[in-house]
Amino acid sequence: MKIIVVGAAGDIGRAACAELGARHDIIKVGRKSGDVQVDLANRASVDAMYDTVGVVDAVISTAGDVHFGPLSDFTEETFMVGLRNKVMGQVNLVLAGIERIAEGGSFTLTSGVLDRDPIRMGTGAAAANGALAGFVTGAAIELPPGQRINVVSPGLSDVSVPRYGAWFPGHDPVPSKRVGRAYAKSVEGAITGQVIIVE
Ligand SMILES: NC(=O)c1ccc[n+]([C@@H]2O[C@H](COP(=O)([O-])OP(=O)(O)OC[C@H]3O[C@@H](n4cnc5c(N)ncnc54)[C@H](OP(=O)(O)O)[C@@H]3O)[C@@H](O)[C@H]2O)c1
């Protein structure tokens, strides 16, 4: 399969690429890194990425910024960081890709643990994750026949502990190999409309 991975250079993206790269042709995409660049928050940039890459069998996104901070400090603008980047960025990737991916192709998005197991300062991420679960549930029944969509919802990855571990007291880090296999389940398997929890 020819697979786009947006966010390939990140902690989660590297896990997806390590798992799928042995069996498939991966096109690594990032905002600044990778074979091709895109800004997911900009629909014109997403269209240009698909034009550059051509027809693919699967689209994976492991990208999406959110704002972290105490609930009392959140503003509409800081909330919009996650809604614009993590939610609408990944939604745009699907909307722009429906007409462009191969017959029987799939979309795999990324959310995360914080809408089911919250941490302090994580409301923006929790809201974005919940929105993505709803989007996937709704979109799965309306995609063209044969197309599939899922969202992977990992716990804190073991490779991300040095960066984020202090914010996740008591959370059991998830081995990145298992995170990678969740993307294989979505891309190579048959399920659709699912939140694939890795914890
Ligand atoms: N790390 C974890 O343990 C964990 C657990 C659960 C959920 N998640 C979620 O998974 C996602 C990725 O997390 P991560 O830790 O892997 O992040 P990361 O290491 O910071 O990597 C993010 C990747 O996404 C790309 N990117 C960011 N914004 C983009 C945009 N607007 N357009 C295109 N590419 C963009 C970056 O591109 P460049 O390489 O060019 O900078 C980078 O490759 C986040 O939404 C996060 O909430 C992470």
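The structure this text deals with has already been given above.
Residues numbered from 1 in each chain as written. Predicted model: local features only at pLDDT ≥ 70, side-chain atom pairs only at ≥ 80, totals over all residues. Heavy atoms only, no water.

1. Remarks on the site of the ligand
No. 1: The environment of the ligand is formed by 27 residues, the closest being Lys32, Ser33, Ser157, Ser160 and Arg163.
No. 2: A distance of 3.1 Å separates an oxygen atom of the ligand from a polar atom in the backbone of Arg31.
No. 3: Val38 is positioned with one of its backbone polar atoms (N or O) 3.3 Å from a nitrogen atom of the ligand.
No. 4: Here the ligand has 910 Å² of accessible area as a free molecule, and 84% of this is covered by the chains.
No. 5: Going through the elements one at a time, helix H1 (11-20) and helix H3 (76-97) are the ones with two or more residues in the shell around the ligand.
No. 6: Considering only residue class, the shell around the ligand consists of 8 nonpolar, 13 polar and 6 charged. (Near = heavy atom within 4 Å. Polar contact = N/O pair within 3.5 Å; in protein donor to acceptor, adjacent residues only side chain to side chain. Areas by Shrake-Rupley, 256 points an atom, 1.4 Å probe, with all protein chains shown as cover. Helix = DSSP H or I, 4+ residues; strand = E, 2+ residues; numbered from the N terminus. Nonpolar A, V, L, I, M, F, W, Y, C, P; charged D, E, K, R; others polar.)

2. Some thoughts on helix H2 (residues 43-53)
No. 1: Buried within H2 are the following residues: Ser45, Val46, Asp47, Met49, Tyr50 and Val53.
No. 2: Lining the buried residues of H2 we find strand E1 (2-6), strand E2 (25-30), strand E3 (36-37), strand E4 (58-61), H3 and strand E5 (106-110).
No. 3: Where H2 begins, the capping side chain belongs to Asn42, and its oxygen is found 2.9 Å from the backbone nitrogen of Ala44.
No. 4: Backbone geometry just after H2 places Gly54 at a positive phi near 80°. (Buried < 20%, exposed > 50% of the residue type's maximum accessible area, 1.4 Å probe, protein only. Contact = heavy atoms within 4.5 Å.)

3. Remarks on the packing of aromatic side chains
No. 1: Evaluation of the coordinates by the stated rule reveals 3 aromatic pairs.
No. 2: Taking the centre distance of 5.2 Å and the plane angle of 55° together, the rings of Phe68 and Trp167 count as tilted. Taken together, the residues span a long stretch of sequence, with Phe68 in the loop between E4 and H3 and Trp167 in the loop between helix H5 (161-164) and helix H6 (176-188) at a distance of 99 residues.
No. 3: The class of Phe68 is partly exposed, set by a relative accessible area of 29%.
No. 4: With a centroid separation of 6.4 Å and an interplanar angle of 45°, the aromatic rings of Tyr164 and Trp167 are classed as tilted. (Phe/Tyr/Trp six-rings, centres within 6.5 Å; stacked < 30°, edge-to-face > 60°.)

4. Examining the pattern of salt bridges
No. 1: Inspection of every chain in the model, using the stated rule, returns 10 salt bridges.
No. 2: The salt bridge partner of Arg163 is Asp11, with a shortest N-O separation of 2.9 Å. In this pair, Arg163 sits in helix H5 while Asp11 sits in helix H1, placing the two residues 152 residues apart along the sequence.
No. 3: Taking the relative accessible area as the measure of exposure, Arg163 reaches 53% and is therefore exposed.
No. 4: On the accessibility criterion, Asp11 (13% relative accessible area) is buried.
No. 5: For the salt bridge of Arg43 with Asp47, the shortest nitrogen-to-oxygen distance reads 3.1 Å. Remark: Asp47 and Arg43 occur in helix H2; sequence separation between them is 4 residues, near one turn of the helix. (Salt bridge = Lys/Arg side-chain N within 4 Å of Asp/Glu carboxyl O.)

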